[in-house]
Amino acid sequence: MAEPEKDRQPGDEIADPDKEVGELVGRLTEAGELEPAERRKLLGRLARALSAGAKRAKATGTGRGRWLADVFLNIAPRIPIRDLHILSEHHHGMTGEQLADDLVRTAQKATMTVGAIGGALAAAEFAAPPLLLSAPAQLVAETIVVAAIEVKLLAELHEVYGVRVHGTGAQRAIAFTAAWARQRGIDPLAPASVSLALGAATKTALRNRLMRTLGRHLTTFGPFLTGAVAGGTLNRMATKKLGEAIRDDLRGKLPPGPRRDELPG
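All residue numbers refer to position in the chain's written sequence, counted from 1. Residues qualify for local features only when their pLDDT is at least 70, as the model is predicted, and side-chain atom pairs are given and counted only at 80 or more; totals for whole chains, interfaces and linings, by contrast, use all residues. Excluded from the side-chain calculation are hydrogens and water; included are all heavy atoms of the structure.

Q: Describe the environment of leucine 24, naming the residues involved and giving the relevant values.
A: In this text, helices come from DSSP runs of H or I with a minimum length of four residues, and strands from runs of E with a minimum of two, each type numbered from the N-terminal end. As for its position among the elements, leucine 24 is in helix 1 (residues 20-29). Placed 51 residues apart in sequence, leucine 24 and isoleucine 75 show a C-alpha to C-alpha distance of 9.5 Å.

Below is the structure:
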């Protein structure tokens, strides 16, 4: 049932499913910590926007996996990726392995927080069956945000290790998204791994990766606080595993990145 206009608070308006999803994901993945209430509100707006888009996709016969992949490809260029200089500034002058450690820890905390919020909401809806119908949109929103945080981590680890991916912002977003789907780093010496266009196989890998992530979030359907604990813990572990895999791939491919005093001003 639609929420009465008089009961809506400023900032609670439903996001445009075509224009605001990327903006909301960008705000949820930008540097700095959001207050829990603000993060919860943004996730709620994103869920409503995605719900509207999912209804349209269902009406046109588009499968959920394909629709989810299309949504992510549309928002990928909006994920805020920092260069090495800004990364070092934001992480107290760190460089090299120390900076990579901090990036992975920060990403783990971010995906854990998103999982805990989503899990808590799902657990509340589990205890209130009439509200259960709204849960899938919340889990899709959580999946999109966690994937975006991990793509951001993957891209910024490439900056730390000096692996440059050239192209426009949209082309680089596609390359990093494809690398996330494979859970591998990009090898600059292997042209196939720096593909700036998505082929059928890569699109399938992206759909499968997103659906696996969504499936992981379905475990948050549990009573009381079990959903929040499961959501946070599983996200943290998955992000840590990704960070380790990407770092293993990137180490030794190029000379070590510059020291802090060698960064451009």
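Q: Talk me through the pattern of salt bridges; I want residue IDs and the actual numbers.
A: Counted as salt bridges are all cases of a side-chain nitrogen of Lys or Arg within 4 Å of a carboxyl oxygen of Asp or Glu. On inspection of all chains with the given rule, the structure shows 13 salt bridges. In this structure, aspartate 101 engages arginine 247 in a salt bridge whose closest nitrogen and oxygen atoms are separated by 2.7 Å. With a gap of 146 residues between them, aspartate 101 in helix 5 (residues 96-126) and arginine 247 in helix 9 (residues 226-250) connect regions that are remote in the sequence. Between arginine 164 and glutamate 159 there is a salt bridge whose closest N-O contact spans 3.9 Å. Each residue is placed in one exposure class: buried if its accessible area under a 1.4 Å probe, protein chains only, is under 20% of its type's maximum, exposed if it is over 50%, and partly exposed if it falls in between. The class of arginine 164 is partly exposed, set by a relative accessible area of 41%. Look at glutamate 159 and you get buried, because its relative accessible area is 12%. If you follow the salt bridges from partner to partner, you end up with Glu97, Asp101, Arg247, Asp248 and Arg251 in one network.

Q: Account for the nonpolar core, with residues named and values stated.
A: Only buried residues count toward a nonpolar core, which is a set of Ala, Val, Leu, Ile, Met, Phe, Trp, Tyr and Cys residues joined through side-chain atoms within 4.5 Å. Residues Leu46, Leu50, Phe72, Ile144 and Leu157 are the most contacted members of the largest nonpolar core, which totals 59 residues. When residues in this core are grouped by element, the largest group, 16 residues, is from helix 6 (residues 135-160). The contact rule is simple, with two residues in contact once any of their heavy atoms fall within 4.5 Å. Excluding residues within four positions of it along the chain, leucine 46 makes contact with Val21, Leu24, Val25, Leu28, Ala141 and Val145.

Q: If you had to explain the packing of helix 3 (residues 64-75) against helix 8 (residues 200-217) to someone new, which residues and values would you point to?
A: Fitting a line to C-alpha atoms yields each axis, with helices limited to the stretch in contact; the angle taken between N-to-C directions then spans 0 to 180 degrees. Look at helix 3 against helix 8: their axes get within 9 Å of each other, and the N-to-C directions meet at 100°. On the basis of the axis angle, helix 3 is roughly perpendicular to helix 8. Contacts between helix 3 and helix 8 involve Arg64, Gly65, Arg66, Leu68, Ala69, Phe72 and Leu73 on the former and, on the latter, Leu206, Arg207, Leu210, Met211 and Leu214. Three residue categories are used. Nonpolar comprises Ala, Val, Leu, Ile, Met, Phe, Trp, Tyr, Cys and Pro, charged comprises Asp, Glu, Lys and Arg, and polar comprises the others, including Gly. Partitioning the contact of helix 3 with helix 8 into residue classes produces eight nonpolar, one polar and three charged. When an angle is under 35 degrees it counts as roughly parallel; over 145 it counts as roughly antiparallel; between 65 and 115 it counts as roughly perpendicular; any other value is oblique.

Everything listed here is a matter of coordinates, which is why it stays silent on function.
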